[in-house]
Amino acid sequence: VFEHGLFHADPHPGNFLIKQDGGVALIDFGNVGRFTREMKDDLLHLLVALVQRNYRNVSRWVLKHGQPMHPIDPQGLALELMDVLEPYYGLKLEDIQIGGLFNSLFGLVFRHGISIPAQYVHAGRTFVVLEGSVRLCSPTLELIPAIQPYMTKLLPGRWAPDRVLRDLRADASELIAALRSYPVNLAEVLSRAAEGKLRLEADVTGMEGLGQRV
């Protein structure tokens, strides 16, 4: 997921083969997930926040990538995430259901009416299925300490100078394109205003409830 942006999305035990040399082979690629570079970075940020038990950053990630149906207090969401996720830390895999962790995370998010992009939910489901395969091989594995060295390996590459420079160039290109479009957009607004065709829309909170009462 984090290196290639491509992953086997159905990693149940029947899709693994153990080779004579001890290596692992995968079969049946009927269900494959794909991530863009930006999505890999976003998922990595979420994983870092979860590993560090930084619920404020988890809350920010959810509100940034989700689509809330109503205003949500980030700090309040962070406290709820702490209540839901904190019990999972420090347990061995034999005592913890990874599916329960993801179900708790996404369940809380969905209860707040937040829509998470399908790709991230797809990856979460993949981790849940993978849990069953891992449990067969190492039932006493503690997940968080096991992935921390991998995180340490990945993060320096994310902040490598050439990578940061490439991101800055991409952002600058988008900004320049936006600035070039502003005169055209402004001219259109002024033209519509002069013709009396300018329409303004306002969203007043609470009007729906008032309408129902009337």
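Not measured: the values here are computed from a predicted model.

A. Representation of the side chain of H65 in the model. Structurally, H65 can be placed in helix α2 (residues 55–65). Judged by its relative accessible area of 14%, H65 falls in the buried class. A polar side-chain atom of H65 sits 3.1 Å from a polar atom in the side chain of D42. In contact with H65, not counting residues within four places along its chain, are D42, S115, P117 and Y120.

B. Expanded view of α2. The set of residues buried in α2 consists of Y55, V58, S59, W61, V62 and H65. In an axial view of α2, the angular spread of the buried residues amounts to 160 degrees, which keeps them on one side of the axis.

C. Inspection of the packing of α2 against helix α3 (residues 74–85) at higher detail. α3 packs onto α2 with a crossing angle of 115 degrees between their chain directions and a minimal axis gap of 8 Å. Along this stretch, α2 crosses α3, giving a crossing that reads as right-handed. Contact residues: α2 offers Y55, R56, V58, S59, V62 and L63, while α3 offers P74, Q75, L77, A78, L81, M82 and L85. The residue inventory of the contact of α2 with α3, partitioned by class, reads 10 nonpolar, 2 polar and 1 charged.

D. Inspection of the packing of helix α1 (residues 37–51) against helix α5 (residues 118–137) at higher detail. Contact geometry of α1 with α5 gives a least axis separation of 11 Å together with a crossing angle of 55 degrees. Between α1 and α5, the crossing angle belongs to the class labelled oblique. In the packing of α1 onto α5, the handedness of the crossing is right-handed. Touching M39, D42 and L43 of α1 are Q119, Y120 and A123, all from α5. Looking at side-chain class alone, the contact of α1 with α5 contains 4 nonpolar, 1 polar and 1 charged residues.

E. Looking closely at the environment of F110. Mapping F110 onto the fold places it in helix α4 (residues 98–111). Here the alpha-carbon distance between F110 and G66, two residues 44 residues apart in the chain, equals 9.8 Å.

F. Region of the structure containing the pattern of salt bridges. Under the definition given, this model contains 3 salt bridges. Across the pair E86 and R53 runs a salt bridge, and its minimum N-O distance is 2.1 Å. A residue pair is termed long-range when its members are at least 10 positions apart, and E86 in the loop between α3 and α4 and R53 in the loop between α1 and α2 qualify at 33 residues. By relative accessible area, R53 is classed as partly exposed at 41%. Notably, a salt bridge pairs R135 with E131, separated by 2.6 Å at the nearest N-O pair. Residue R135 and its partner E131 are both found in helix α5; the two are separated by 4 residues, about one turn of the helix. The exposure class of E131 is buried, given its relative accessible area of 8%.

Criteria and cut-off values
Residues numbered from 1 in each chain as written. Predicted model: local features only at pLDDT ≥ 70, side-chain atom pairs only at ≥ 80, totals over all residues. Heavy atoms only, no water. Helix = DSSP H or I, 4+ residues; strand = E, 2+ residues; numbered from the N terminus. Buried < 20%, exposed > 50% of the residue type's maximum accessible area, 1.4 Å probe, protein only. Polar contact = N/O pair within 3.5 Å; in protein donor to acceptor, adjacent residues only side chain to side chain. Contact = heavy atoms within 4.5 Å. Arc of directions from axis to C-beta. Axes fitted to C-alpha atoms, helices over the stretch in contact; angles between N-to-C directions. Left-handed = near helix turned anticlockwise from the far one by under 90°. Nonpolar A, V, L, I, M, F, W, Y, C, P; charged D, E, K, R; others polar. Parallel < 35°, antiparallel > 145°, perpendicular 65-115°, else oblique. Salt bridge = Lys/Arg side-chain N within 4 Å of Asp/Glu carboxyl O.

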